[in-house]
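# Breakdown of the fold
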Amino acid sequence: MGRPMLATLTRRADFLAAARAGRAGTPAFLLQARKRQENEADPTLVRVGFTCSKKVGNAVARNRAKRRLREIARAVLSELGRPGWDYVLVGRADVTANLPFETLLQELCEAVERVHKPRPVKS
């Protein structure tokens, strides 16, 4: 089996569902991730969404941050993303657009690993 196909999240309901699920924060961005239900969408797809609030800056700053998030998602989630999962990358003010690209890549790799790490069962 090859790389999973990446699709873009567009519906607000998908973003809200990811916000209620698991998350991993990094200095550059917040990664939200959730496993989809079997009947929600094509189970072979990795779906990814991007968001930057006005706290990130004006439209130029938000678009620059989202462009960088799209590129790291394309590079990392096509390798480490799991089919049947939704991921949302949330940009952070002054950081997402200014950190070195290699740092962003490394932080996304670590965040994906943390999101997928099995959680200990509370007894």
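Since the model is a prediction, treat every value here as computed from it, not as a measurement. (Residues numbered from 1 in each chain as written. Predicted model: local features only at pLDDT ≥ 70, side-chain atom pairs only at ≥ 80, totals over all residues. Heavy atoms only, no water.)

### Regarding the environment of Val 56
Summarising the element assignment, Val 56 is placed in the loop between β4 (45-51) and α2 (59-80). Overall, Val 56 belongs to the buried group, its relative accessible area being 10%. Along the sequence, Val 56 and Ala 93 sit 37 residues apart, while their C-alpha atoms lie 3.8 Å from each other. Other than its neighbours up to four places away in sequence, Val 56 contacts Ala 61, Arg 62, Ala 65, Gly 91, Arg 92, Ala 93 and Asp 94. (Helix = DSSP H or I, 4+ residues; strand = E, 2+ residues; numbered from the N terminus. Buried < 20%, exposed > 50% of the residue type's maximum accessible area, 1.4 Å probe, protein only. Contact = heavy atoms within 4.5 Å.)

### Description of unusual backbone geometry
Among all residues except glycine, the phi angle is most often negative; among peptide bonds, the trans geometry is most common. Notably, Asp 94 is not glycine yet its phi reads approximately 65°, a positive angle. Mapped onto the elements of the fold, Asp 94 is located in the loop between β5 (85-91) and α3 (101-116). A relative accessible area of 62% means that Asp 94 is categorised as exposed.

### Focus on the pattern of salt bridges
By the definition in use, this model includes seven salt bridges. Note that Arg 34 and Asp 86 form a salt bridge whose closest N and O atoms lie 3.6 Å from each other. Placement of Arg 34 in strand β3 (residues 29-35) and of Asp 86 in strand β5 is noted, with a sequence separation of 52 residues between them. Like Asp 86, Arg 34 is buried. Between Asp 86 and Arg 36 there is a salt bridge, and its shortest N-O distance comes to 2.6 Å. On the criterion of sequence distance, the pair formed by Asp 86 in strand β5 and Arg 36 in the loop between β3 and β4 is long-range, its members being 50 residues apart. (Salt bridge = Lys/Arg side-chain N within 4 Å of Asp/Glu carboxyl O.)

### Here we look at α3
Across its 16 residues, α3 extends 23 Å between first and last C-alpha, which sits within 8% of the 22 Å expected from 1.5 Å per residue. Residues of α3 that are buried include every one of Leu 104, Leu 105, Glu 107, Leu 108, Ala 111, Val 112, Val 115 and His 116, and no others. Considered in projection along α3, the buried side chains sweep an arc of 165° and stay on one side of the axis. Those residues of α3 that are exposed and aimed more than 90 degrees away from the buried face are Glu 102 and Glu 113. (Expected span 1.5 Å × (residues − 1). Arc of directions from axis to C-beta.)

### Concerning the pairing of strand β2 (residues 22-25)
Of the two faces of β2, the one holding Gly 22 and Ala 24 is buried and the one holding Arg 23 and Gly 25 is not buried anywhere. When β2 meets β3, the two strands line up antiparallel, connected through four bridges. From the neighbouring strand, Arg 23 faces β3, where its bridge partner is Gln 32. A loop of three residues connects β2 with β3, the two strands running antiparallel in sequence. (Pairing = 2+ DSSP bridges.)

### Some words on the nonpolar core
Phe 29, Leu 31, Ile 72, Tyr 87, Leu 89 and Leu 108 are the most contacted members of the largest nonpolar core, which totals 26 residues. Residues in contact with Leu 89, not counting those within four places in the same chain, are Phe 29, Leu 30, Leu 31, Val 48, Gly 49, Phe 50, Thr 51, Leu 69, Ile 72, Ala 73, Leu 77 and Leu 108. (Core = buried A, V, L, I, M, F, W, Y, C linked by side-chain atoms within 4.5 Å.)

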